[in-house]
Amino acid sequence: MAVVPGRTWHGLVAIIASVGLVALIYSIAAPLLGLNLEHRGVNSTLNGLLAAMPSVAILMTGAFIPLAVRKFGAVTSICFGTGLAVIALALFPIVTNLDFWFFLRFVMGASIGMIWVISETWLNALAPTAKRGRLIGIYVTVLSAGSASGPLIVGFMGSEGPWPFWVSAAILAVAMLPIPFAARSGSVPDFHHRSAMPLHRAARRAPAVMVAAIIHGATTLVGLTLL
């Protein structure tokens, strides 16, 4: 994959900035929805089930992300996923039926999952081998900063009324803006340069990584939900 170094950096900065804002909104949505359900008197079991919907969505739809990228391209797939998540966020205060909230949370989880999978693949494809570790560190730092800021912003915005949802939707829409910029700079990598490895084979080759990912995902989701 031949990419001019300057253009490579344009793509890396764009994707890291975009994912930082996506992480911010993801961490806003969890406490925002949880507090809304608590205010409505919904029991903790249903509250926890709603919090689990994004993970369920990614498990059910993750295998189709490569198909979407092959058919529509990385940029279109990210923009489509962001658009779906923005619409879902905007609809939460409008349609307050709990069953519909489960559907919206599923859609939002699948959409953000698509953004994360494509962005991490994009980052790995563009990162020079000698600097990959440092770039992954920066990526995770930005991701963590966004995730840590979400609950703080909920504290400032509050959790009642439609505005916290609509402000979050607007921020998420802004997160999409760097992606077309990266595309115009010519720094979109080739996502088809090597054959895919089946998940079961990847798990056998790196079981510690898989177990660590499961533990990290579980503890992060529990922490966000409890907070």
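All of these numbers come straight from a predicted model, not from anything done at the bench. (Residues numbered from 1 in each chain as written. Predicted model: local features only at pLDDT ≥ 70, side-chain atom pairs only at ≥ 80, totals over all residues. Heavy atoms only, no water.)

(A) Up close: the overall build of the protein chain. Of regular secondary structure, the protein chain possesses ten helices and zero strands. Helices (α) and strands (β) of the protein chain occur, in sequence order from the N terminus, as α-α-α-α-α-α-α-α-α-α. Looking at the protein chain residue by residue over its 227 residues, the buried ones come to 38%. If you take every contact in the protein chain between residues at least 6 apart in sequence, the share linking residues at least 24 apart comes to 84%. (Helix = DSSP H or I, 4+ residues; strand = E, 2+ residues; numbered from the N terminus. Buried < 20%, exposed > 50% of the residue type's maximum accessible area, 1.4 Å probe, protein only. Contact = heavy atoms within 4.5 Å.)

(B) Spatial organisation of the nonpolar core. If you look at the biggest cluster of nonpolar residues, it comprises 53 residues, and the most contacted ones within it are Leu89, Phe92, Met108, Trp116, Trp122 and Leu172. Mapped onto this core, the elements with two or more residues apiece are helix H1 (5-39), helix H2 (44-61), helix H3 (65-72), helix H4 (74-91), helix H5 (98-126), helix H6 (132-157), helix H7 (163-175) and helix H8 (178-184). When residues in this core are grouped by element, the largest group, 15 residues, is from H1. Setting aside its immediate chain neighbours within four residues, Met108 contacts Ile25, Ala29, Ala85, Ala88, Leu89 and Phe92. (Core = buried A, V, L, I, M, F, W, Y, C linked by side-chain atoms within 4.5 Å.)

(C) Here's a closer look at H6. When the terminal C-alpha atoms of H6 are compared, their 37 Å separation across 26 residues agrees well with the 38 Å that a helix rising 1.5 Å per residue should span. At Gly150, H6 shows its maximal bend, which comes to roughly 30°, and the proline Pro151 appears one to four places after that position. A positive backbone phi angle near 85° is found at Gly158, which sits one or two residues after H6. (Expected span 1.5 Å × (residues − 1). Bend = angle between axes of the 7 residues up to and from the residue.)

(D) Up close: the packing of aromatic side chains. In total, this model carries six aromatic pairs according to the counting rule given. Here Trp163 and Trp166 contribute two aromatic rings whose centre-to-centre distance is 5.5 Å and whose plane-to-plane angle is 80°, an arrangement assigned as edge-to-face. Of this pair, Trp163 and Trp166 both sit in helix H7, three residues apart, which is roughly one turn of the helix. Assessed through its relative accessible area of 33%, Trp166 is described here as partly exposed. (Phe/Tyr/Trp six-rings, centres within 6.5 Å; stacked < 30°, edge-to-face > 60°.)

(E) Highlighting the side chain of Ser119. By the element assignment, Ser119 lies in helix H5. Under the relative-accessibility criterion, Ser119 is labelled buried at 0%. Of the polar contacts made by the side chain of Ser119, one reaches the backbone oxygen of Trp116; its length is 2.9 Å. Setting aside chain neighbours within four positions, we find Ser119 in contact with Ile15, Val19 and Tyr139. (Polar contact = N/O pair within 3.5 Å; in protein donor to acceptor, adjacent residues only side chain to side chain.)

(F) How the structure looks around the environment of Ser27. In this fold, Ser27 is placed in helix H1. Note: C-alpha distance between Ser27 and Ser144 (117 residues apart in sequence) is 9.9 Å. Engagement of the side chain of Ser27 in a polar contact is seen with the backbone oxygen of Gly146, the distance being 3.2 Å.

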